[in-house]
Amino acid sequence: MKKSLIFTIILFINLIKGTAQGEYLLTKNTTIIDVRSNSNSNDQKAIGISLMPVINLITCELHFCTNNAYINTSLISLTDSLILQSPDTYCRGSTPILTVTGKNIKWYADADKKQLLYKGNTYQSPSLDQTTTFYLTQTVGVDSSESTVIPIIIEIVEAYLVNIIATPASCGENNGVISITATGGTARNPLQYSINNGPLQTSPVFTNLSAGTYTVMNRIANCWGTKDVIISSPPSPTISNVVSIDPQCGNTNGALTIFASGGNGSLSYALNGVDFKTENQFTNLPGGTYTIMVKDQDQCTASKAVSLKKTDSLQLKQIDIVATTCGKKNGRISAIIKQGNGRINYSIDGSTYQVSNTFDNLSSGAYTVFIQDETGCRDTRSILIGNSEGPTIGHIDTIPPACGVTDGQIIVNAISQRGLSYSLNGMAYQRDSSFGQLSAGHYDVSVKDDLGCTVEQPVVLSEPCEYAIHLPDAFTPNQDGTNEGWVIFFPFTSLQLNELTIFDRWGEIIFHDTPRVINNGDLLWNGVYRGQLVVGLYAYQLKVQFPNGKNYVYRGTVFLVR
């Protein structure tokens, strides 16, 4: 007996020690004793399992007690207890899917376990319209006994917007108020409120609201109630149109005419909120941006931003003048503007305009410079290009050369207050104003005074021949494929060559050709004498008969270069 009592005391002490550490004891009827079941977390809820009185175990000897309870000293994991892992609050009409921990779970509709709903850890409930209690058991232990019933409560909530009072906002102010009366909140799930999907708040009142439409929402758990609410305000004036006239050429001649309606009573108008007046037109305005404001008798306003184009006054800043020299038409005008609008066009006669601001090749005299921008703004200024001295060619006398002969003459008659020199075709200047031994052709006559001022004029010397031929002054028989022979050219089909004789410097004949018909571009001589190419200057005499039957003799020289 003493031995049994000692064991019972030790067992009781161990039981107390074990239960204090959160272990489990399994009784004969397999009820689970969980001393840690009072703990709670945000995600799981322990379900009503309490510790059996340990005092009843004092009379137990070994593994058998006087009350026939079997003591199983093995420990069972915490996950074998019944814990609801899914939420316990849902909206009305939901079909929640409920999940608990444990083994061999049974779901009952009543505490007496008369109506079994489901077996398993996860149960999808039918649609719930009110808070509902489910009763659960589990089968554990060596004798597979069903535990006592554990109730779980699923709370069903719904938010009701009972009444909403909207206090209008003052004209143009943010002082409207929305007051909400709602039901459905619980101690565990109080009501929360929001407008226009904004942040939630526990207060049902929203202030500092402007006129407009708002979506009011109240929430219980994840259940929402919504309704659209209008915050009204007194009618404001409406600006229907603004007619604007932009200022021109940088002046303050812009204008704005405002057309408005609505509001209460008569309307008044202002620019930038200053000096309201009953007239709806504003004149003498420079370019810029204006805020048009319309106000009624209740001080309700409407506004609109309007811009008038900024323009500049077109001005000629300066005109650069390059004077003429040597009496020529080589003066220049360059107009420089100070400001303007867009593209600027320029003129010196008031009718023909150009994009360039420079006018060249001007003679001396008075001019008026006109400028005009793309908006039509204009400015003018008169200037003077002064006179300048220089030689003047009065006339040029010519003596044409005989047909095929280089005996033409050019005599220049020029006027100047200074000494003059003359040049032909860019050759060296000479004091003599006449040039002789000229063949037919085009010449450029230049006259220069002692200050270097020059004047030029083209001259044409023509032959009296009814027909004309061209004989090159030189050719290069060097086998480069260019200018290899002495070729004749004329502007008609054929020509009768009566005789061609070529002489060296000593008068010896080195080439002779007898009568034949030649065509334009035919070779007259290839530069060969006695089977060898020659070089140097050679004289020739060419006798031809033109298609009209007239005979002509051409004399001259040809130069061979190798």
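Described in the following lines is the structure provided in the data block. Nothing here was measured: the structure is a model prediction, and the numbers come from that model.

## Remarks on the overall build of the chain
Counting its secondary structure elements, the chain contains one helix and 47 strands. Classification of the 562 residues of the chain by burial places 36% in the buried group. Partitioning the contacts of the chain with sequence separation of at least 6, the portion at a separation of at least 24 is 53%. Just so you have it, the chain exposes about 31,200 Å², and 50% of that area is on carbon and sulfur atoms.

## Regarding the sheet that holds strand 18 (residues 223–231)
Backbone-to-backbone hydrogen bonds join strands into a sheet, with any given pair of strands oriented parallel or antiparallel. Here three strands make up an open sheet; going across it, the order is 15-17-18 and the pairing antiparallel. Each edge of the sheet is formed by a strand with only one pairing partner; in this case those strands are strand 15 (192–195) and strand 18. On average, each strand axis in the sheet is inclined to that of its neighbour by 20 degrees, with strand direction left out of account.

## Describing the state of the cysteines
Disulfides are covalent bonds that connect the sulfur atoms of two cysteines. The full count for this structure, using the stated rule, is three disulfides. Disulfide partner of Cys 91: Cys 223, at an S-S distance of 1.6 Å. Disulfide Cys 91-Cys 223: the torsion about the S-S bond is -115 degrees, which places it as left-handed. Taken as a pair, Cys 91 in strand 5 (residues 89–91) and Cys 223 in strand 18 lie far apart in primary sequence, 132 residues in all. Among the residues examined, Cys 91 registers a relative accessible area of 21% and is labelled partly exposed. Put simply, Cys 171 and Cys 300 are joined by a disulfide, and their sulfur atoms are 1.9 Å apart. Note that Cys 171 is positioned in the loop between strand 13 (160–167) and strand 14 (176–183) and Cys 300 in the loop between strand 24 (288–295) and strand 25 (301–308), a separation of 129 residues in sequence. This pair shows no difference in class: Cys 171 is buried, exactly as Cys 300 is.

## So, the nonpolar core
With 26 residues, the main nonpolar core has Ile 469, Trp 486, Ile 488, Leu 495, Trp 525 and Leu 542 as its most contacted residues. Those elements that place two or more of their residues in this core are strand 40 (494–503), strand 43 (523–525), strand 46 (536–545) and strand 47 (551–560). Dropping the residues within four chain positions of it, Leu 495 is found in contact with Ile 469, Ile 488, Phe 490, Arg 516, Val 517, Ile 518, Val 544, Gln 545 and Phe 546. Grouped together as the second largest cluster of nonpolar side chains are 18 residues, Ile 164, Leu 191, Tyr 193 and Ile 195 included.

## Details of a nonpolar patch on the surface
A cluster of nonpolar side chains, namely Leu 537, Phe 559 and Val 561, defines an oily patch on the protein surface of about 240 Å² accessible area. Along the chain, Leu 537 falls in strand 46. With relative accessibility at 47%, the residue Leu 537 sits in the partly exposed group.

## Focus: the packing of aromatic side chains
Overall, the coordinates contain nine aromatic pairs when judged by the stated rule. One aromatic cluster is present, formed by Trp 107, Tyr 118, Tyr 123 and Phe 134 through successive ring pairs. Between the NZ or CZ atom of Lys 277 and the centre of the ring of Phe 282, over which it lies, the distance is 4.2 Å. Positioned over the ring face of Phe 276 is Lys 295, at 4.1 Å from the centre of the ring.

## Structural notes on the side chain of Asn 341
Note that Asn 341 resides in the loop between strand 27 (331–339) and strand 28 (344–347). What makes Asn 341 buried here is its relative accessible area of 8%. In this structure the side chain of Asn 341 is engaged in a polar contact, spanning 2.7 Å, whose partner is the backbone nitrogen of Asp 312. The contacts of Asn 341, once residues within four sequence positions are left out, are Cys 249, Lys 310, Thr 311, Asp 312, Asp 373, Glu 374, Thr 375 and Cys 377.

## Let's talk about the pairing of strand 22 (residues 274–277)
Pairing of strand 21 (residues 268–271) with strand 22 involves two bridges; the strand directions are antiparallel. What sits directly across from Leu 271, in strand 22, is Val 274.

## Examining the sheet that holds strand 27
Read from one edge to the other, the open sheet built from three strands follows the order 26-27-29, with strand pairing classed as antiparallel. Unpaired on one side and paired on the other, strand 26 (315–322) and strand 29 (358–362) mark the two borders of the sheet. Strand-to-strand, the axes of this sheet are offset by a mean angle of 15 degrees, without reference to chain direction. In terms of strand pairing, strand 27 meets strand 29 through three bridges, oriented antiparallel. Bridge pairing links Ile 333 to Phe 359 in strand 29.

## Quick look at the pattern of salt bridges
A side chain with one charge can pair with a side chain of the opposite charge if their charged atoms come near. Taken as a whole and assessed by the stated rule, the structure comprises 10 salt bridges. Between Asp 450 and Arg 431 there is a salt bridge, and its shortest N-O distance comes to 3.5 Å. In this pair, Asp 450 sits in the loop between strand 36 (441–449) and strand 37 (454–461) while Arg 431 sits in the loop between strand 34 (420–424) and strand 35 (434–438), placing the two residues 19 residues apart along the sequence. Judged by its relative accessible area of 49%, Asp 450 falls in the partly exposed class. Its salt-bridge partner being Asp 513, residue Arg 516 comes within 2.8 Å of it at the nearest N-O pair. With a relative accessible area of 29%, Arg 516 lands in the partly exposed category. Three or more residues are tied together by salt bridges with common partners; here these are Asp 88, Glu 155 and Arg 188.

Conventions used here
- Residues numbered from 1 in each chain as written.
- Predicted model: local features only at pLDDT ≥ 70, side-chain atom pairs only at ≥ 80, totals over all residues.
- Heavy atoms only, no water.
- Helix = DSSP H or I, 4+ residues; strand = E, 2+ residues; numbered from the N terminus.
- Buried < 20%, exposed > 50% of the residue type's maximum accessible area, 1.4 Å probe, protein only.
- Contact = heavy atoms within 4.5 Å.
- Areas by Shrake-Rupley, 256 points an atom, 1.4 Å probe, with all protein chains shown as cover.
- Pairing = 2+ DSSP bridges.
- Axes fitted to C-alpha atoms, helices over the stretch in contact; angles between N-to-C directions.
- Disulfide = S-S within 2.5 Å.
- Core = buried A, V, L, I, M, F, W, Y, C linked by side-chain atoms within 4.5 Å.
- Patch = residues over 30% accessible without salt bridge, like charges linked within 9 Å, V, L, I, M, F, W, Y side chains within 5 Å.
- Salt bridge = Lys/Arg side-chain N within 4 Å of Asp/Glu carboxyl O.
- Phe/Tyr/Trp six-rings, centres within 6.5 Å; stacked < 30°, edge-to-face > 60°.
- Lys NZ or Arg CZ within 6 Å of the ring centre and 35° of its normal.
- Polar contact = N/O pair within 3.5 Å; in protein donor to acceptor, adjacent residues only side chain to side chain.

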